[in-house]
Amino acid sequence: MSGTASASNSDPVPARAHPDAGSGGSPDEGLDAAFFLRWLAAVAAAVGREADRLTALDAAIGDADHGSNLRRGFTAVATALDADRPGTPGAVLALAGRQLISTVGGASGPLYGTLLRRTGKELGDARRVSVAELGAALRAGVAAVAQLGGSAAGDKTMLDALMPGADALGASDAAGDPFGAARAAAEEGARATEALRARKGRASYLGERSVGHLDRGASSSALLFATLAEVAR
Amino acid sequence: MLINVPDTVVTDALRGMAATHPELTVDVEGRVIVRRDAPVAGKVALVSGGGSGHEPLHGGFVGTGMLDAACPGEVFTSPVPDQMVKAAAAVDSGQGVLFMVKNYTGDVLNFDMAMELAEDEGVRVAKVLVDDEIAVTDSTHTAGRRGTGATLFVEKIAGAAAEEGAPLERVEGIARQVNASSRSFGVALSACSTPAKGGPTFALPNGELELGVGIHGEPGRERRPMMTSGEIADFSVDAVLADLRPTNPVLLLVGGAGATPLLELYGFAAEVHRVLAERGVPVLRSLVGNYVTSLDMAGCAVTLCARPTRSCCACGTRRCARPRCGGGCSSRPRQRRRRAATGG
C-alpha cells in the first residue's frame, strides 16, 4: 500500500499552523486537505488490517466479502489521491467517493462512495474547515446514504454507527474532544447492532437469525471515526 | 481451488472467455462482455450483470437471441456503474437499452447509478428487476425476494423479442411479465467457498441440507437432516406452487448449484416431473443443468414460469416456424413483424 505511506509525508498544502501539530493543523485552526489525505490513508491502512475480521463478520450474516471489497476500494482511493493530491478537503472526499463507487461494487461501493462524495460536496471549496463544519457535512452525507439505501437507524446497517458518530462530531464544542466523542459514539452504535434484527441488505434474509451478530457495515463505519480520531491526535 | 490468487479470479476467467469465444468482445480490464456484432442495427439491446460465481450467468448468455452485453462483478459482488455505462454505450443501436437486474441491494444501487449516468450520455435505458425466489418473504422487513433461476427465462424470452425487433417498451413489458410469472426454490446440500475466504462461507454439516438457500449461500427457511431426491422434489415444488398457481403448461428449470452432477440432477428432474404431474401441472418445456450456479455449492433449484408469452420460449428458436408452437404462444410471428415495422 505505497499510496498510504506517502500520503502523510508529501503535503501539498503549504499552510501549517504548528510544525509539531502535523500536516493537518489542530482542530482549532481548521482541517486542511492534508488532514483529509492522512485520514483516508489511515482508513485504507485500517481496512487492510481489519479486512479479515470484516469478512468474517460478513460470513456470519452475509456473503463473506465485505473486508476484501473495502480493501480493494480504499486501496484504489489511496492510489488516486496520491496521484491527484486535491487541494481542498471537499475535493479530497469527492475524489475518494468517486473511486469507491467505481471500484467496490456491491452495496458498499455506492453507499460509502455517496457518503464521502456528499460530505465532500457539502464542504465546498473551502481550503480549511472547522470540526463543526465537518460534522454538519458528514450529517448531510449520512442522510444521503440513508436515502440511497432506503434505510433508517435501527435497521442494523452502517447507519447505526454513522448517525451517532456524525451527530457527536457535529454536537461537540471545540473545547472538548469531538473526535474522541465521535469515535466512542460510532463504536457504541456498531456494538449495539449485535442485538438488532436486520431489515435491510443481505442480512435481512436471515430475519431473527441475524440477531446476535455485529453488522459488518456498522463495524467498518466505526473504523472511519476511529481513524479520524487517530489522525486528529 | 483451481486459481492463481483470489484477486485475479474474475479477470483470469475473462481472459479465458476472450481466448475461447471469438464471437464475443471481452474487455478484460473494463470487465464487459459484448457480442461481437454489437450494436445490432434496429435492435433493443439487453444488458445484464451481477456478481461473479453464478456462471454461466450472465456472461455465458451473451449472444444472438439473448444478451448484448454482460458486466461481471467480483465474486458475489455487484459490478460497478462504470461497467454498465460502458456496456450500454457499446451495444446501444439507438433503440434503447434494457438493464436486467437481479434484486439484491448492491445490484439495484449500482444499476440505478449506471442508469442515470447512461441517460446523461443520451442512451435511453429501461430496467427490469428479477425477484423470483420465494424462500424469503417479500415484505418491508427484508430487502425483498431475491433474483435467481428466473433470470434465465427473462433473459431468454426478452432476448428473443428484442432479436425479432420489438421496441423497448415491449421488451421491457415481456421481461416484467416473465419475471412476475416465475418462482424459484433452491436447496443446498453443501456450502460454497469463495476464493476470498478460501473456505465455506457458511457451516452446513454433512448430512444436513438448507431448504430455501440463496444463490450466495444465504440461509433459507429451515435446515433438515438429509432427504431423498424425491422428498426434496416434493418440498421444492410444493413451496413454489404455494406461491404460483399456473393455469397454462409451465416452463421448468431444474437447476444445479454448481457441484451436483448431472446424473443426480436428471434423477431429481424425474422426481420434479412426477410431483408436477401429481399436482396436475403440465410441463410445456424443461431444462436441466447448471445455469445459475453458486460456485462449488452442491444443490438444486426448481424454477417454474407459469405463463409463457411467446412462441420462442417454447421452441427455443430465433423465429418460430409454426403459427403456434407448444401451448403458450400468444401471437404469431407474422403479426409481430408487422407491428414492429409500423410501430418502430
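The notes below deal with the structure included here. (Residues numbered from 1 in each chain as written. Chains lettered and ligands numbered in written order. Predicted model: local features only at pLDDT ≥ 70, side-chain atom pairs only at ≥ 80, totals over all residues. Heavy atoms only, no water.)

1. Overview of helix α5 (residues 108-123) of chain A
All names here are of chain A.
Argument step 1. If you check α5, its first and last C-alpha atoms are 22 Å apart, about what 16 residues at 1.5 Å a residue would give, namely 22 Å.
Argument step 2. Of all the 16 residues making up α5, 12 are buried; the element is thus mostly covered by neighbouring parts of the structure.
Argument step 3. Those residues of α5 not exposed but buried are Ser108, Gly109, Pro110, Leu111, Tyr112, Gly113, Thr114, Leu115, Leu116, Thr119, Gly120 and Leu123.
Argument step 4. Trailing α5 by a residue or two, Gly124 shows a phi angle of about 65°, which is positive. (Helix = DSSP H or I, 4+ residues; strand = E, 2+ residues; numbered from the N terminus. Expected span 1.5 Å × (residues − 1). Buried < 20%, exposed > 50% of the residue type's maximum accessible area, 1.4 Å probe, protein only.)

2. As for the interface of chain A and chain B
How big an interface is tends to be expressed through the accessible area that disappears when the partners come together.
Argument step 1. Opposite the 27 residues of chain A that make contact, chain B presents 33 residues.
Argument step 2. Across the chain A/chain B interface, buried area totals approximately 2300 Å², and carbon plus sulfur atoms make up 58% of it.
Argument step 3. At the boundary of chain A and chain B, one finds 1 salt bridge.
Argument step 4. The salt bridge involving Arg209 of chain A is made with Glu210 of chain B; its shortest N-O contact spans 3.3 Å.
Argument step 5. Counting across the chain A and chain B interface gives 7 residue pairs in polar contact (both at pLDDT 80 or more). (Contact = heavy atoms within 4.5 Å. Buried area = accessible area lost by both parts, 1.4 Å probe. Salt bridge = Lys/Arg side-chain N within 4 Å of Asp/Glu carboxyl O. Polar contact = N/O pair within 3.5 Å; in protein donor to acceptor, adjacent residues only side chain to side chain.)

3. Topic: the packing of aromatic side chains
Residue and element names in this part refer to chain A.
Argument step 1. In this structure the tally under the stated criterion is 6 aromatic pairs over all chains.
Argument step 2. Aromatic side chains Phe35 and Phe36 sit 5.4 Å apart centroid to centroid with 80° between the ring planes, which places their arrangement in the edge-to-face category.
Argument step 3. Exposure remark for Phe35: the relative accessible area of 1% places this residue in the buried category.
Argument step 4. For Phe36, a relative accessible area of 0% translates into the label buried.
Argument step 5. Plain terms: the ring middles of Phe35 and Phe179 are 6.1 Å apart, the flat faces sit at 45° to each other, and that makes the pair tilted. Taken together, the positions of Phe35 in helix α2 (residues 33-61) and Phe179 in helix α8 (residues 178-192) put the pair 144 residues apart, joining distant regions of the chain. Judged on exposure class, the residue Phe35 and its partner Phe179 are both buried.
Argument step 6. Every member of this aromatic cluster is reached through a ring pair, and the members are Phe35, Phe36, Trp39 and Phe179. (Phe/Tyr/Trp six-rings, centres within 6.5 Å; stacked < 30°, edge-to-face > 60°.)

4. Side note on empty space enclosed by the protein
Residues and elements named next belong to chain B.
Argument step 1. Counting across every chain of the model gives 3 cavities of 30 Å³ or more.
Argument step 2. By volume, the largest cavity is sized at about 200 Å³.
Argument step 3. Residue lining of the largest cavity: 23 residues in total, with Gly186, Ile215, Val292, Cys300 and Ala301 positioned closest to the centre.
Argument step 4. Counting only elements with at least two residues in the lining of the largest cavity, the list comes to β7 (182-188), β10 (250-256) and β12 (299-305).
Argument step 5. Here the lining of the largest cavity is composed, by residue class, of 11 nonpolar, 11 polar and 1 charged. (1 Å grid on protein atoms, 1.4 Å probe; cavity = no way out; pocket = protein on both sides within 12 Å on 5 of 7 lines; lining within 4 Å. Points joined across faces, edges and corners; volume = space filled by probe spheres on them. Nonpolar A, V, L, I, M, F, W, Y, C, P; charged D, E, K, R; others polar.)

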